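Secondary and tertiary structure notes
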Amino acid sequence: MKAILLEKPGLFTVTDVAEPNVPAAGEALLQIHRVGICGTDISGYLGKMPFFSYPRIPGHELGVEVLAVGPGVIHVKPGDRCSVEPYMNCGQCHPCLLGHGNCCENLKVLGVMMDGGMTERLVIPARKLHPANKLTLEQCALVETLAIGCHAINRGNPKSGESVLVVGAGPIGLSVIEFAKLSGAKTIVMDLNEQRLEFVRRAMGVADTILARGDGTEVESLRQLTDGAFAQVVVDATGSHKSMSQALAYCSFTGRLVYVGITPSEIAFQHAPVMHRRELTLLASRNALPPDFTRIIGLIEAGKIDTRPWITHHAAFDEMIGVFPKWIQPEAGVIKAVMHVT
Ligand SMILES: NC(=O)c1ccc[n+]([C@@H]2O[C@H](COP(=O)([O-])OP(=O)(O)OC[C@H]3O[C@@H](n4cnc5c(N)ncnc54)[C@H](O)[C@@H]3O)[C@@H](O)[C@H]2O)c1
Ligand SMILES: [Zn+2]
Ligand SMILES: [Zn+2]
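All values reported here derive from a predicted model rather than from experimental measurement. (Residues numbered from 1 in each chain as written. Chains lettered and ligands numbered in written order. Predicted model: local features only at pLDDT ≥ 70, side-chain atom pairs only at ≥ 80, totals over all residues. Heavy atoms only, no water.)

Examining the pattern of salt bridges
Applying the stated criterion across every chain yields a total of twelve salt bridges. A salt bridge links Lys 77 to Asp 80; the nearest nitrogen and oxygen atoms lie 2.9 Å apart. Look at Asp 80 and you get buried, because its relative accessible area is 5%. (Salt bridge = Lys/Arg side-chain N within 4 Å of Asp/Glu carboxyl O. Buried < 20%, exposed > 50% of the residue type's maximum accessible area, 1.4 Å probe, protein only.)

Some words on the packing of helix α3 (residues 137–156) against helix α9 (residues 290–301)
Relative to each other, α3 and α9 sit at 115 degrees, their axes nearing to 9 Å. The two elements α3 and α9 meet at a crossing, and its hand is right-handed. Residue-level inspection shows Gln 139, Val 143, Glu 144, Leu 146, Ala 147, Cys 150, His 151 and Asn 154 of α3 in contact with α9, the latter providing Asp 292, Phe 293, Arg 295, Ile 296, Ile 297 and Ile 300. Among the residues making up the contact of α3 with α9, the classes are represented as eight nonpolar, three polar and three charged. (Axes fitted to C-alpha atoms, helices over the stretch in contact; angles between N-to-C directions. Helix = DSSP H or I, 4+ residues; strand = E, 2+ residues; numbered from the N terminus. Left-handed = near helix turned anticlockwise from the far one by under 90°. Contact = heavy atoms within 4.5 Å. Nonpolar A, V, L, I, M, F, W, Y, C, P; charged D, E, K, R; others polar.)

Overview of the coordination of the zinc ion (ligand 3)
The zinc ion (ligand 3) binds to the protein through Cys 90 (SG), Cys 93 (SG), Cys 96 (SG) and Cys 104 (SG); the donor distances cover 2.3 to 2.4 Å. Relative to the metal, the four donor atoms surrounding the zinc ion (ligand 3) lie at angles of 104 to 121 degrees, and the coordination shape comes out tetrahedral. Residue Cys 90 is classed as partly exposed on the basis of its relative accessible area, which comes to 26%. Owing to a relative accessible area of 9%, Cys 93 belongs among the buried residues under this scheme. (Donors = N, O, S within 2.8 Å, 3.2 Å for Na, K, Ca; no water. Tetrahedral: all angles 85-135°; square planar, octahedral: opposite > 155°, others 65-115°.)

Side note on helix α6 (residues 217–225)
Where α6 is concerned, the buried positions are Glu 218, Val 219 and Leu 222. For α6, the buried positions fall inside an angular range of 100 degrees around the axis, keeping them on one side. Elements in contact with the buried residues of α6: β10 (163–167), β11 (186–191), β12 (208–211), β13 (231–236) and α7 (241–246). Once α6 finishes, Asp 227 follows within two positions and takes phi at roughly 50 degrees, a positive value. (Arc of directions from axis to C-beta.)

Some details on the sheet that holds β11
With parallel pairing, six strands are arranged side by side in an open sheet as β12-β11-β10-β13-β14-β15. Edge positions in the sheet fall to β12 and β15 (281–284), since each of these pairs with one other strand and no more. Strand-to-strand twist in this sheet, taken as the mean axis angle between neighbours without regard to direction, amounts to 20 degrees. Pairing between β10 and β11: five bridges, direction parallel. Pairing of Val 167 across the sheet is with Met 190, part of β11. (Pairing = 2+ DSSP bridges.)

Observations regarding the site of ligand 1
Around ligand 1, 23 residues are found, and the nearest of them are Asp 191, Arg 196, Val 260, Ser 285 and Asn 287. Here Asp 191 contributes a side-chain N or O atom positioned 2.6 Å from an oxygen atom of ligand 1. In the model, an oxygen atom of ligand 1 is placed 2.8 Å from a nitrogen or oxygen of the Asn 287 main chain. Within the complex, the protein chains bury 76% of what would otherwise be the 870 Å² of accessible surface of ligand 1. Class assignment for the residues of the shell around ligand 1 results in ten nonpolar, ten polar and three charged. (Near = heavy atom within 4 Å. Polar contact = N/O pair within 3.5 Å; in protein donor to acceptor, adjacent residues only side chain to side chain. Areas by Shrake-Rupley, 256 points an atom, 1.4 Å probe, with all protein chains shown as cover.)

Re the coordination of the zinc ion (ligand 2)
Listed as protein donors to the zinc ion (ligand 2) are Cys 38 (SG), His 60 (NE2) and Glu 61 (OE); their distances from the metal cover 2.1 to 2.4 Å. We classify Glu 61 as buried; its relative accessible area is 2%.

Digging into α9
For α9, which comprises twelve residues, the first-to-last C-alpha distance of 17 Å matches the rise-based estimate of 16 Å (1.5 Å per residue) to within 8%. Among the residues of α9, Asp 292, Phe 293, Ile 296, Ile 297, Leu 299 and Ile 300 are the ones counted as buried. Buried residues in α9, looked at end-on, bunch into an arc of 160 degrees, giving them a common side. Buried residues in α9 make contact with β5 (81–84), β6 (87–88), β9 (129–131), α3 and α4 (171–182). (Expected span 1.5 Å × (residues − 1).)

Concerning the pairing of strand β1 (residues 2–8)
In this sheet, strand β2 (residues 11–16) lies alongside β1 in antiparallel orientation, the contact comprising six bridges. The residue of β2 that forms the bridge with Ala 3 is Thr 15. From the end of β1 to the start of β2, which pair antiparallel, there are two residues, and Gly 10 there has a positive phi angle of about 85 degrees.

Things to note about the state of the cysteines
Working definition of a disulfide: a covalent bond connecting the sulfur atoms of two cysteines. Overall, the coordinates contain zero disulfides when judged by the stated rule. Its sulfur unpaired, Cys 140 is 7.2 Å from the next cysteine sulfur, which belongs to Cys 82. Owing to a relative accessible area of 1%, Cys 140 belongs among the buried residues under this scheme. (Disulfide = S-S within 2.5 Å.)

Function cannot be inferred from these measures alone, as they are strictly geometric.
Okay, here's the thing in structure tokens:
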């Protein structure tokens, strides 16, 4: 069967791989239908992702159909359409035993540290499948991206009547925005790219946006939008250490700052006055948890998350390698591109 291999940064090839084995106990054989492309795949392609190893079959945002299940699998059956939780945790380490499999010490993410879904069929542990028969296959593939934002908002835990500032309106920021809105808090979005803010206003229904000019005017705009209080929850989804250092200034007294964007750089800020005086809480946010997937599938089914603005580009399996370099250009305007395997 065919697969797309990222041999090394900048080089995708179509390759032949062996059919997977018959699913063993607790496993399921999947037909891969849709593969969402995300920043991780782009960073892997550009050679900028420290956890990515080569050669690798990418693909972790998957819309799949179950073909067969091994002994003992009862929550999914052949024919079920599913979303895949791509975080392969060990189940034995300290965070796993505490129920934090998203932070497993031995975590392997499908398509990043192990071969993923840019292929026709795959066997994975069935416990990583979330049945979603009322969703389209594209929607199934989108659930993982949404789960990142869901978890980040769970970490910040905004309440109705509070304000949430989301800094960075790329796909991860957009997924945070979905759950910020659902929390009932007032949602404000900041980016340095006016086009992205225009998309947020037009397609995501967020009225309050702030252009980050880097000259202090953004702090003043936020003060005005929050009646002088600033934001009880700030979620930084930029991956920019500059923004992440600055983000404390956007927090209200006793506010929470969540870093969902990732940087290997040092983040520097003064402890006093801002962090100490306002008694701020700093939180990281990594991946997502199984209940996030279940919740998101229910929210899409109930029409509480509109996936229509999300999926902007499509390509067939045979076209993917040719269009990928175009998709990663900012002028392409990709929010979420999806590859169709079958
Ligand atoms: N926590 C997790 O588990 C997890 C999972 C996936 C991705 N990520 C991380 O999330 C981050 C965002 O991913 P993405 O795909 O949305 O990236 P992206 O590059 O598409 O979006 C980042 C956005 O931030 C904006 N931005 C950059 N610097 C800024 C600044 N100083 N002020 C305001 N806005 C600024 C950019 O204009 C852009 O719109 C990345 O760091 C990625 O690695 C985290
Ligand atoms: Zn992803
Ligand atoms: Zn573990």
